[in-house]
Amino acid sequence: AGQATTVDVDFLPARGGPFSARALVEVCGPLCGPEVALTGEGLAPRIEAEPRAIDFGEIAAGATTSQGITLTNAGAGELVVTDLDVLGTAEVTVASDALPLQIAEGTSATVSVSWAPAQPVGALGATLRVRSNDPVSPDVAIPLDGSAPGPALQLLPAALHFGVLDLGQTKEVDVVLRSAGTVPVAVSQFLIEGSGFSIVAPSPGATTLGPGAIEPE
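I will try to describe carefully the structure that is included in this document.

What counts as what
Residues numbered from 1 in each chain as written. Predicted model: local features only at pLDDT ≥ 70, side-chain atom pairs only at ≥ 80, totals over all residues. Heavy atoms only, no water. Core = buried A, V, L, I, M, F, W, Y, C linked by side-chain atoms within 4.5 Å. Buried < 20%, exposed > 50% of the residue type's maximum accessible area, 1.4 Å probe, protein only. Helix = DSSP H or I, 4+ residues; strand = E, 2+ residues; numbered from the N terminus. Contact = heavy atoms within 4.5 Å. Phe/Tyr/Trp six-rings, centres within 6.5 Å; stacked < 30°, edge-to-face > 60°. Pairing = 2+ DSSP bridges. Axes fitted to C-alpha atoms, helices over the stretch in contact; angles between N-to-C directions. Patch = residues over 30% accessible without salt bridge, like charges linked within 9 Å, V, L, I, M, F, W, Y side chains within 5 Å. Areas by Shrake-Rupley, 256 points an atom, 1.4 Å probe, with all protein chains shown as cover. Salt bridge = Lys/Arg side-chain N within 4 Å of Asp/Glu carboxyl O.

**Here we look at the nonpolar core**
Within the largest apolar cluster, 26 residues are counted, with the highest numbers of intra-cluster contacts made by Ile69, Leu71, Val81, Val130 and Leu144. Elements with a contribution of two residues or more to this core: β3 (47-50), β4 (54-58), β5 (65-73), β6 (79-87), β8 (101-103), β9 (108-115), β10 (126-132) and β11 (139-147). No other element matches the four residues that β9 contributes to this core. Those residues in contact with leucine 71, other than ones at most four positions away along the chain, are Ile47, Glu48, Ala49, Val81, Leu84, Ile103, Thr107, Ser108, Ala109, Val111 and Val130.

Pasting the structure below:
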């Protein structure tokens, strides 16, 4: 009675980031003795992006606007940024030093993000994905927003594939018209250029689609 013994517990992280475990003492079988919670963190690079979102505001179709994003290594060790990918549009480009970007602890690097809308659009709705060796947040998503005022019309999908049909056989495939601009767009007529295809519905004619509206609904 009254005796004590000391057990040394070592922490040797093989990677950066948080760790958790527990130390168990069996005195009467499994899971019936005391336990001690173990937590620790391995020092590693940690990425911080500023700003965390970009709003390009209003820009005219055909113009270009740019903003910068600062990537900072707020951790320990070298931060390596391997990819800067834009998701959701091909009209946004990213300029930086050659990848991979190697950012020492406590230092930063700046990348430039540019948007050049070819036609009016109500909302950009894209994302910049920054991939690095940060063990906790290897992928950082930065929302990109903006608008280009004016009428714009999208056909969805952009291509229709009917496959291979026997002579005399028919197949219908749906296409959707979407008003993607910021003001109503007037459609005067639906046309097919070429042979072998025809518009089934709606009947060819004029219609006006408000911003965000689709046809058929």
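**Thoughts on the packing of aromatic side chains**
Taken as a whole and judged by the stated rule, the model has three aromatic pairs. Between the aromatic rings of phenylalanine 56 and tryptophan 115, the centroid separation amounts to 5.9 Å while the plane-to-plane angle is 40°, which identifies the pairing as tilted. Taken together, the residues phenylalanine 56 in strand β4 and tryptophan 115 in strand β9 connect sequence positions 59 residues apart. Since its relative accessible area comes to 0%, tryptophan 115 is described here as buried. Judged by centre distance (5.3 Å) and plane angle (55°), the rings of phenylalanine 162 and phenylalanine 197 are tilted. Of this pair, phenylalanine 162 sits in the loop between β12 (153-156) and β13 (176-179) while phenylalanine 197 sits in the loop between β14 (185-187) and β15 (207-209); the two residues are 35 residues apart in sequence, bridging distant segments of the chain.

**Examining the sheet that holds β6**
Backbone hydrogen bonds hold the strands of a sheet together, and the pairing may be parallel or antiparallel. In spatial order, the strands read β4-β11-β10-β6-β8; together these five strands make up an open sheet with mixed pairing. With one partner strand each, in any of the chains shown, β4 and β8 form the two edges of the open sheet. When strand polarity is set aside, the average angle formed by the axes of neighbouring strands in this sheet is 25°.

**Details of unusual backbone geometry**
Both trends apply: most residues other than glycine have a negative phi, and most peptide bonds are in trans. With an omega dihedral of 0°, the bond running from leucine 99 to proline 100 counts as a cis peptide bond. That bond from leucine 156 to proline 157 is cis: its omega, -5°, falls within 30 degrees of zero. Turning to its location among the elements, proline 157 is positioned in the loop between β12 and β13.

**Some points on a nonpolar patch on the surface**
On the surface, Leu155, Leu160, Val173 and Val175 cluster together to form a nonpolar patch covering roughly 280 Å² of accessible area. Locating leucine 155 in the fold gives a position in strand β12.

**Overview of the pairing of β5**
In the sheet, β3 pairs with β5 via four bridges, with the strands oriented antiparallel. What sits directly across from glutamate 50, in β5, is threonine 70. Bridge count between β5 and β9: eight bridges; the pairing is antiparallel. From the neighbouring strand, glycine 68 faces β9, where its bridge partner is serine 112.

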